[in-house]
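Chain residues, written in single-letter form:
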Amino acid sequence: MTNLNIDNDVNNKVWIISDGRIINLDLSSITREEVTGPVTEYRISEIVRYLLNPAPIKLEEKVIGCKVHYKVPPSGKINRFMNKLTFKKEDPANNGNQYTEDILSTSKLDLPSFEDDELNFHMIRVNEQLKPFNPVQKKLSSLDRERVHEITATCEDIGRNRYQINLQGSINDKINFILKSLTKKAKITIKKAYLLNGLFDLRGYLFESFNTNNDYHLIRFSQNNQIKYCVLNRDYKFEYWVDDNAMINYLHLLEQSVQTDPKLKEALNLCIQGKAKPLKLFFSKQSEQSYSEKHLPMVYRKMLITHNIAPNEMEIITDTLNNNQSIVFFNYVPTTGPGQQKLFTNISVMHDLKALDSIKEHVPRVYSEIIKKTTDSDAGRLYLLDSMRGYQNV
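Residues numbered from 1 in each chain as written. Predicted model: local features only at pLDDT ≥ 70, side-chain atom pairs only at ≥ 80, totals over all residues. Heavy atoms only, no water.

Enquirer: I'm lost on the packing of helix α8 (residues 298-306) against helix α10 (residues 364-371) in this one. Help?
Expert: A packed helix pair is summarised by two numbers, namely the angle formed by the two axes and the spacing between the axes. It is at 12 Å that the axes of α8 and α10 come closest, and there the two elements cross at 130 degrees. The angle between α8 and α10 falls in the class oblique. Crossing angle aside, the handedness with which α8 passes α10 is right-handed. Side by side, α8 and α10 meet where Val299, Tyr300 and Met303 of the first sit next to Val366, Glu369 and Ile370 of the second. In terms of residue class, the contact of α8 with α10 is made up of five nonpolar, no polar and one charged. (Axes fitted to C-alpha atoms, helices over the stretch in contact; angles between N-to-C directions. Helix = DSSP H or I, 4+ residues; strand = E, 2+ residues; numbered from the N terminus. Parallel < 35°, antiparallel > 145°, perpendicular 65-115°, else oblique. Left-handed = near helix turned anticlockwise from the far one by under 90°. Contact = heavy atoms within 4.5 Å. Nonpolar A, V, L, I, M, F, W, Y, C, P; charged D, E, K, R; others polar.)

This is the structure:
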């Protein structure tokens with residue numbers, strides 16, 4: 001049971017979602033179709049309101065270049081036709097009457113961040129004066145724009161992950177935007193916080209504004225034999241529909257992880273305190289690293305010390321550890337202290353108690369010990385199997 005009577009202690013600031021409760025709520029103003037069965041309400045935090053919101057998000061991202069889609073000249077079309085006749089394989093990147101080219105900057109220069117503002121301003125001016133000599137600038141400036149069918153901006157996040165951004169306007173407008181934005185932070189728009197397949201972008205939420213006392217309402221109901229969710233504001237006024245019901249299970253999993261993994265709670269609180277910038281939140285069903293008798297999570301290593309577990313019993317236990325996992329990845333970059341310019345990833349491995357059904361009779365003392373560590377929610381009866389944190393320089 002999640003307790004939302006949260007005090008002002010920074011270590012108790014973060015919460016995600018409450019347990020559900022049946023309420024008597026008239027949904028006629030929200031949906032005209034008949035609602036069948038009970039209506040369930042979950043209290044959700046400001047963080048969840050952001051995560052579920054289907055609205056576009058404005059961000060600042062570093063533009064490092066572009067992908068140019070060229071029109072194929074008539075001679076190219078003839079060659080393509082001849083290739084088909086002779087059964088030659090074509091480049092899969094080519095699309096119909098187009099071929100592409102990546103134009104990327106190799107510059108590692110970021111905006112200066114010296115304590116002296118005048119020095120920062122001077123360095124910015126120097127960088128601007130050097131722009132015309134940048135190979136990407138020269139290449140883009142000399143493009144035959146009549147041959148360009150489309151152009152997209154290539155962005156790179158702090159973890160060196162690259163992706164394409166569609167631009168508005170004419171080809172000239174797009175090229176001018178890239179020329180102006182190259183190696184600088186540019187304002188971009190992504191469709192929503194939920195990107196795909198368990199991946200959320202957290203950069204659009206201002207964690208420093210998080211108010212632990214603010215809550216909103218997630219409403220669950222059934223209609224035409226389908227479960228639907230919507231979010232209401234504090235006054236029970238409609239805000240938006242939830243696009244993908246799978247997100248709700250992620251939220252319950254995140255809540256259990258936050259409440260049982262001190263490292264994850266600490267990382268989120270660093271963001272709330274303004275000491276770190278959150279980047280991505282990702283949910284997965286299986287860890288890349290398997291557990292074995294030689295590589296056990298801490299919770300079981302401790303039990304090896306306090307319990308007399310025989311080798312055959314240990315084998316039975318390890319066989320269960322790699323099943324029914326739910327994993328939460330949270331990455332962030334500290335903005336102060338020795339962790340600056342390091343991309344940290346916190347990994348919380350949650351384990352479903354039902355995976356341990358096979359050890360109930362064989363190792364009952366271990367099973368009873370694990371039961372004490374479990375918490376219940378709509379995501380299942382889970383316990384923290386493992387918690388890890390690593391980093392890479394950026």
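Next comes the rest of the write-up.
Enquirer: Is there a simple way to think about the pairing of strand β7 (residues 185-190) in this case?
Expert: Two faces belong to every sheet, and in a regular strand the side chains alternate between them. Judged by which residues are buried, β7 turns out to be one-sided: Ala186, Ile188 and Ile190 face inward and are buried, whereas Lys185, Lys187 and Thr189, on the alternate face, are not. In this structure, strand β3 (residues 57-71) lies alongside β7, joined through six bridges in antiparallel fashion. Paired with lysine 58 across the strands is threonine 189, a residue of β7. (Buried < 20%, exposed > 50% of the residue type's maximum accessible area, 1.4 Å probe, protein only. Pairing = 2+ DSSP bridges.)

Enquirer: Sorry, what's going on with helix α5 (residues 171-181) here?
Expert: Because an α-helix packs 3.6 residues into every turn, residues spaced three or four apart end up facing the same way. Along α5, the residues that are buried comprise Ile171, Lys174, Ile175, Ile178, Leu179 and Ser181. Structurally, α5 contributes buried residues whose contacts are with β3, α4 (135-141), β5 (148-156) and β7. Within two residues after α5, threonine 183 carries a phi angle of roughly 65 degrees, on the positive side.

Enquirer: Even after reading the chapter, I still don't get the packing of aromatic side chains, so can you show me in this structure?
Expert: When we look at a pair of aromatic rings, we describe it by the centre distance and by the angle of the planes. Summed over the entire model, instances satisfying the criterion amount to 14 aromatic pairs. Centre to centre, the rings of phenylalanine 282 and phenylalanine 329 are 5.7 Å apart; their planes meet at 35 degrees, and the pair counts as tilted. Here phenylalanine 329 lies in strand β14 (residues 325-334) and phenylalanine 282 lies in strand β13 (residues 276-284), a separation of 47 residues in the sequence. Linked through ring pairs, Tyr194, Phe200, Tyr250 and Phe283 together constitute an aromatic cluster. (Phe/Tyr/Trp six-rings, centres within 6.5 Å; stacked < 30°, edge-to-face > 60°.)

Enquirer: Which parts of the structure should I look at to understand the sheet that holds strand β12 (residues 238-241)?
Expert: Within a beta sheet, neighbouring strands are joined by backbone hydrogen bonds and run either parallel or antiparallel to one another. Strands sit in the order β1-β2-β10-β11-β12 across an open sheet of five strands; the sheet is antiparallel. The sheet is open, and its two edges are formed by β1 (21-23) and β12, each paired on a single side. For this sheet, the mean inter-axis angle between neighbouring strands, taken without regard to orientation, is 35 degrees. One ladder, built from seven bridges, connects strand β10 (residues 216-223) with strand β11 (residues 226-232); its direction is antiparallel. From the neighbouring strand, glutamine 223 faces β11, where its bridge partner is glutamine 226.

Enquirer: I keep staring at the sheet that holds strand β8 (residues 194-196) and nothing clicks. Help me out?
Expert: Read from one edge of the open sheet, seven strands run β8-β9-β13-β14-β15-β17-β16, paired in antiparallel fashion. Two strands in the sheet have a free side with no partner beyond their single neighbour: β8 and β16 (375-377). Mean inter-strand twist for the sheet, computed between neighbouring axes without regard to direction, equals 30 degrees. Contacting β13, β14, β15 (342-352) and β17 (380-393), helix α7 (residues 262-272) crosses the sheet at an angle of about 35 degrees to β14.

Enquirer: What should I look at first to understand the nonpolar core in this one?
Expert: The nonpolar side chains of a soluble globular protein tend to be buried with one another. Residues Leu52 and Leu218 are the most contacted members of the largest nonpolar core, which totals 70 residues. Residue contributions to this core peak at seven residues, all from helix α6 (residues 246-260). When sequence neighbours within four positions are dropped, the list of residues in contact with leucine 218 reads Ile17, Thr40, Glu41, Tyr42, Ile44, Leu52, Tyr229, Cys230, Val231, Val242 and Ile248. Residues Tyr300, Met303, Ile327 and Val363 belong to the second largest nonpolar core, which totals 20 residues. (Core = buried A, V, L, I, M, F, W, Y, C linked by side-chain atoms within 4.5 Å.)

Enquirer: Help me understand the packing of α6 against α7, please; the structure alone is not making it clear to me.
Expert: Running from N to C, α6 and α7 cross one another at 100 degrees; their axes reach a closest spacing of 5 Å. Classified by the angle between their axes, α6 and α7 sit roughly perpendicular to one another. In this structure, α6 uses Leu254, Ser257, Val258, Gln259 and Thr260 to contact α7, whose residues at the interface are Pro262, Leu264, Lys265 and Leu268.

Enquirer: Sorry if this is basic, but what is going on with the environment of leucine 251 here?
Expert: With respect to the helices, strands and loops of the structure, leucine 251 is situated in helix α6. Residues leucine 251 and isoleucine 17, 234 residues apart in the sequence, show an inter-C-alpha distance of 6.8 Å. Discounting residues that sit within four places of it in the chain, leucine 251 has contacts with Ile16, Ile17, Val48, Leu51 and Leu52.

Enquirer: What is the right way to read the side chain of threonine 374 from this model?
Expert: Mapped onto the secondary structure, threonine 374 falls in the loop between α10 and β16. The exposure class assigned to threonine 374 is buried, which follows from its relative accessible area of 13%. Among the polar contacts listed, one links the side chain of threonine 374 to the backbone oxygen of isoleucine 371, at a separation of 2.8 Å. Polar contacts involving the side chain of threonine 374 include one to the side chain of arginine 381, which spans 3.4 Å. Once you skip the residues sitting within four places of it in the chain, threonine 374 turns out to touch Leu353, Arg381, Leu382 and Tyr383. (Polar contact = N/O pair within 3.5 Å; in protein donor to acceptor, adjacent residues only side chain to side chain.)

Enquirer: Hey, could you run me through the pairing of β17 in this one?
Expert: Where β15 and β17 come together, 11 bridges link them in antiparallel fashion. Among the inter-strand pairings, lysine 342 is bridged to a residue of β17, identified as asparagine 393. Two elements, β16 and β17, share three bridges in a ladder whose sense is antiparallel. For aspartate 376, the partnering residue across the bridge sits in β17 and is arginine 381. Here β16 folds back onto β17 in antiparallel fashion, the turn holding two residues.

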